[in-house]
Amino acid sequence: METSANGSHPKSTEDELLVSIDNEYLPKSPEKNQSFMKKIESLRMSKKNHKKPNEAGELSSPEKQESPFTKDLNVRSSKVFLKKQRHTEEPELSDKSETFGSLVFRLSKRSPNKVEKKEDCSSLESKGPPEGTGSLVEKWRRSMRGKKKIEYNEDDKISTLEEPKSEDLEEPQMLSVMEINGLIQSREIKKAFINIELMEDKLLKDYRTNDFHENVTEYTIRGKDVDLLYGSLFGMIRSIVKDSLGQDPVDKSLISSVVYVINKEAETHKNPLVTSTNSEALICGQPRQWKKLWKEAVKDSVGKRIESMPIKDGENGWLAEHLESLKSVSVEDLKKVKNSLKSLYPEDYDVCGTYLKSYNNALVSHLQKNIIPLALEFSQLYCLLDWTMNQYSSDDFMGNPEVHAEFNPLSIPRLLEGECLEKLKQAYVQALQRTIRTYMNNILEIEKRNWQNGEEVEEQVLADSCHLPIYTDVEEIIGTHVRNSARLSHDLEISSSNACVEELGTFTTRLQVAFHECVGTTFTSFFAQYTVVYVNSFAKLRHNTTQSDAEQYRCAETKLTKAIESLKQHFFDVFMKDTKPHFQKIITKNWLKKNTEFNAIMKSSGILCQWLKYLLPPYDKDFACGIHQYLVKEYILQIMKRKMRLNKLRRKRAAQKMREEGDLINKAADDMGSDLDTLHHAIHCISEIIGAKKKVEIEPKLDQLFHLHPDISEDHILCILHLHGIRKSTKLLRHFQKLQESQQPIPSSQDSQQPPLFSAIECSPQVACFTL
């Protein structure tokens, strides 16, 4: 029911009827007009019997209610007023079918300070006019003066009332906490935020009144409700942000609502309206920093997405498969961010940068917590380091133009840094060292099987040192791992190289010892072959160790050098052990008759000639000269033992035999590659002294022998003269003494490099009791 312009009395039904008449509701035909006038007369009679409303706003009895027609006019008039009121107060609302009764109910509910008579919304009853009113025309005039001016809309021919004053406008309806929470759960976050904001504004307005201080508990509960609703709202925002990565296509309206709510919250709480001294009493009205929380939501959603990737650590190759899955998911998600999500956010959100940083942090956390503790094998550690240090910034990962177009690929942060990366590198080097040791053990086992099976080395393998099995295997193993480490980083290349070389030095020592124990007991062609193979292999590997001054390289070089010297010494020991018994049987009575012992010596020497020629320099000369010196020294040593004295009949034969055997020794030395020329003449000079018939012929031979070997002593001369058969020769000894006193040897540049011969030969004091 409408009020009058001054708000003191309700408008009469007759006034409404006149308005309806003025609005051309009067019937046009005479028949209808006559019927209409009868209804008006009936209305007048009913007004005479109508009681005046009491002061308490008592409604009329059901018997005296207005007629259906009058009720219809009242409804029409109220619709006109409602249309104008809605046009003024709620232009944004889309619901045009709201009844007049509900509107009156809301107005009466929202205006508790005004004293108004409540209307029955279901029946829309009308109050009767006051008594003492005049004629119908007078009433019509008064109603026209009392009513507001009626305007006509010329376009749609619908009359509207003047807009009511602003204080009479309807306030927005405030929803309950459960209703707002229902909006949140249905993801109507924009509408939910508006209603939470209304609730918060009402609470803040009440806070400024004294009523707040009298009802702190009540307002605290209301403030907590607002805070919980805000928390629930952002929880839904968090869920929307999380789901946006998995949606295809992205729900643009939801993301737009998220941006609207975050920006609106920042604007609403930009300047806090209340600074409360009682934090328990008021917990709303403060900035909530949802933009910052949005970034945390992005970080959390990305982290959960990465953590949800399955790890199948019980399967072979699980790590490579898992890392590939991480890479694929990250790239596809970042592509979606760039192509779909970026355009839905303002530039100040830095969507690409935020997601890129979030994925970086999520991957770092995932690797440190879940992957690194499980990566124990060398191949796994290499795969992990290569993925983090190389693949992560490559063109098919974070450096992908579709992902990283706005940024410089060089600015991509590294996944692992600092102490974590250093520990991973140390674990990698240790695992590499264990791996190299395993490879070396396998090589040693292969060599042992070859020794046990008696598999000889092919001559063409010895002829081309580049195909030596030990060298090629070790070089391939170490070279491959060092090169792979270099692809990771320079410091890993150095550390890996040092670790490999350290293992190499240990391996050579173990191989040399195992070879001596398994094979190096008898001098055979098989033993000579493998000695040459190992010396050549170690020599080539030793050359590689000279390329660095690192401690591991120097240590490996020393071990390789010792291994080569040990092989050489063991080789000589085995050869001496094989030939010495035969040497001990020459320069004897049987020696003059048979060549058996010396032929055995030459047989072993022939084996040397066959294989030592394949030794790499400088070890070829080293071995050849050592064997040559040993043969000559051991031969002369048998003369110095004074095992017999020759008579005239056997002297010539012995001298001839010594000359022939000296030639064979020299030939074998030449075949081996010896360049000790002075040793070629030592046996010849002695044989000429033994074969001389007169003492005068011996003096020039002594001069020659002294000049070739100035380390010869008087005792050596006495032993030679003893074999000749000369018991005592003071003249020859005096001549030799003069040579030592007056003549000094003049060594040439070549002779100066010749090793001493006689100084290493001991003279025996034994003297034969009879002349052979």
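Residues numbered from 1 in each chain as written. Predicted model: local features only at pLDDT ≥ 70, side-chain atom pairs only at ≥ 80, totals over all residues. Heavy atoms only, no water.

Chemist: What exactly am I supposed to notice about the packing of helix 26 (residues 677–691) against helix 28 (residues 714–724) here?
Modeler: As a packed pair, helix 26 and helix 28 sit with axes 8 Å apart at the nearest point and diverge in direction by 45°. Comparing their axes, helix 28 and helix 26 come out oblique. Here helix 26 and helix 28 pass one another in a crossing that is right-handed. Contact with helix 26, carried on its side by Ile686, Ile689 and Ile690, involves Ile720, Leu723 and His724 of helix 28 and no other residues of that element. Tallied by class, the residues present in the contact of helix 26 with helix 28 amount to five nonpolar, one polar and no charged. (Axes fitted to C-alpha atoms, helices over the stretch in contact; angles between N-to-C directions. Helix = DSSP H or I, 4+ residues; strand = E, 2+ residues; numbered from the N terminus. Parallel < 35°, antiparallel > 145°, perpendicular 65-115°, else oblique. Left-handed = near helix turned anticlockwise from the far one by under 90°. Contact = heavy atoms within 4.5 Å. Nonpolar A, V, L, I, M, F, W, Y, C, P; charged D, E, K, R; others polar.)

Chemist: Help me out: how do you make sense of the packing of helix 14 (residues 378–391) against helix 16 (residues 418–453) in this one?
Modeler: When two helices pack together, their arrangement is given by the angle between their axes and by how far apart the axes lie. Following both chains from N to C, one finds helix 14 and helix 16 inclined at 140°, their axes separated by 9 Å at the closest point. Taken as a pair, helix 14 and helix 16 cross one another with a handedness that is left-handed. On the side of helix 14, the interface is formed by Phe378, Leu381, Tyr382, Leu384, Leu385 and Met389, while helix 16 contributes Leu421, Leu424, Lys425, Ala427, Tyr428, Ala431, Leu432 and Thr435. Considered class by class, the residues forming the contact of helix 14 with helix 16 number twelve nonpolar, one polar and one charged.

Chemist: Just to check I follow, could you spell out the confidence of the model for the protein for this structure?
Modeler: For residues with low pLDDT, the predicted coordinates do not support detailed interpretation. Averaged over every residue, the pLDDT of the protein is 77; the share at 70 or more is 72%. A low-confidence stretch, residues 46–137 stays under pLDDT 50, and its non-local contacts, those more than four residues away or across chains, total 109 contacts. Under a pLDDT of 50 for its full length, residues 139–170 has, in the predicted model, 57 contacts with residues more than four places off or in other chains. (pLDDT = per-residue confidence, 0-100.)

Chemist: Explain the packing of aromatic side chains here, please?
Modeler: For any two aromatic rings, the description comes down to two numbers: the centre-to-centre distance and the angle of the planes. Throughout the structure, instances matching the rule amount to 30 aromatic pairs. Seen from their ring centres, Trp294 and Tyr345 are 5.1 Å apart, and the 45° between their planes marks the pair as tilted. With Trp294 in helix 11 (residues 290–307) and Tyr345 in the loop between helix 12 (318–341) and helix 13 (351–371), this pair connects stretches of sequence that are 51 residues apart. Of the two residues examined, Trp294 and Tyr345, each falls in the buried class. (Phe/Tyr/Trp six-rings, centres within 6.5 Å; stacked < 30°, edge-to-face > 60°. Buried < 20%, exposed > 50% of the residue type's maximum accessible area, 1.4 Å probe, protein only.)

Chemist: It is not clear to me how the side chain of His680 should be interpreted in this structure. Could you clarify?
Modeler: Relative to the assigned elements, His680 resides in helix 26. For His680, a relative accessible area of 14% gives the class buried. Within polar-contact distance, the side chain of His680 engages the backbone oxygen of Leu676 at 3.0 Å. Contact partners of His680, with chain neighbours within four places excluded, come to His628, Asn666 and Asp670. (Polar contact = N/O pair within 3.5 Å; in protein donor to acceptor, adjacent residues only side chain to side chain.)

Chemist: I would appreciate a short explanation of the nonpolar core in the present structure.
Modeler: Of all hydrophobic cores here, the largest spans 186 residues; its most connected members are Tyr345, Tyr355, Phe571, Tyr635 and Ile636. Per element, the largest residue contribution to this core is 13 residues, and it comes from helix 24 (residues 619–640). Apart from the residues within four sequence positions on either side, Phe571 is in contact with Phe523, Phe527, Ala528, Thr531, Leu608, Leu612, Phe623 and Ile627. (Core = buried A, V, L, I, M, F, W, Y, C linked by side-chain atoms within 4.5 Å.)

Chemist: How should helix 26 be read in this particular structure?
Modeler: Each α-helix turn comprises 3.6 residues. Residues three or four places apart therefore point the same way. Across its 15 residues, helix 26 extends 23 Å between first and last C-alpha, which sits within 8% of the 21 Å expected from 1.5 Å per residue. Looking at helix 26, one finds that the buried residues are Thr678, Leu679, His680, Ala682, Ile683, Cys685, Ile686, Ser687, Ile689 and Ile690. Buried residues belonging to helix 26 abut helix 24, helix 25 (648–672), helix 27 (695–708) and helix 28. (Expected span 1.5 Å × (residues − 1).)

Chemist: Teacher, can you tell me more about the environment of Leu374 here?
Modeler: Along the chain, Leu374 turns up in the loop between helix 13 and helix 14. For Leu374 and Leu319, which are 55 residues apart along the polypeptide, the C-alpha to C-alpha distance reads 9.0 Å. Sequence-distant contacts of Leu374, that is, excluding residues within four places in its chain, are made with Ile311, Asp313, Trp318 and Gln380.

Chemist: What exactly am I supposed to notice about the pattern of salt bridges here?
Modeler: When charged atoms on two side chains of opposite charge get close, those side chains can pair. Across all of its chains, the model carries 18 salt bridges by this definition. The residue Lys202 makes a salt bridge to Asp206 at a minimum N-O spacing of 3.0 Å. Taken together, the residues span about one helical turn, with Lys202 and Asp206 both in helix 7 (residues 189–207) at a distance of four residues. You can call Lys202 partly exposed: its relative accessible area is 35%. (Salt bridge = Lys/Arg side-chain N within 4 Å of Asp/Glu carboxyl O.)

Chemist: What's the story with the side chain of Glu197 in this structure? I'm lost.
Modeler: Turning to its location among the elements, Glu197 is positioned in helix 7. Of the buried charged residues, Glu197 lacks a salt bridge, with Lys264 as the closest side chain of opposite charge at 5.2 Å. A distance of 2.9 Å separates polar atoms of two side chains, one belonging to Glu197 and the other to Thr268. When near neighbours in sequence (up to four residues on either side) are disregarded, Glu197 contacts Tyr230, Lys264 and Thr268. (Lys, Arg positive; Asp, Glu negative; His and termini not counted.)

Chemist: What's the story with unusual backbone geometry in this structure? I'm lost.
Modeler: Residue Pro249 follows Asp248 across a cis peptide bond; omega there is 5°. By secondary structure assignment, the location of Pro249 is in the loop between helix 9 (216–246) and helix 10 (252–268). Omega for the peptide link from Pro617 to Pro618 comes to 0°, which places this bond in the cis form. Tracing the chain through its elements places Pro618 in the loop between helix 23 (596–611) and helix 24. Positive phi, normally seen in glycine, also occurs at Arg187, with a value near 65°. Residue placement: Arg187 occurs in the loop between helix 6 (177–185) and helix 7. With relative accessibility at 26%, the residue Arg187 sits in the partly exposed group.

Chemist: What is the right way to read the state of the cysteines from this model?
Modeler: Note: disulfide means a covalent bond formed between the sulfur atoms of two cysteine side chains. Following the criterion strictly, the structure yields zero disulfides and no others. Cys719 takes part in no disulfide bond, and the closest cysteine sulfur to it belongs to Cys763, at a distance of 4.2 Å. (Disulfide = S-S within 2.5 Å.)

Chemist: I keep staring at helix 16 and nothing clicks. Help me out?
Modeler: Along its 36 residues, helix 16 runs 53 Å from first to last C-alpha, staying within 8% of the 52 Å computed at 1.5 Å per residue. Backbone geometry just downstream of helix 16 places Gly454 in the positive-phi region, at approximately 65°.

Chemist: In this structure, what is going on with the environment of Cys625? I would like to understand it.
Modeler: Mapping Cys625 onto the fold places it in helix 24. Its relative accessible area of 13% is what places Cys625 among the buried residues. Note: C-alpha distance between Cys625 and Leu679 (54 residues apart in sequence) is 9.7 Å. Apart from the residues within four sequence positions on either side, Cys625 is in contact with Ser674, Asp675 and Leu676.

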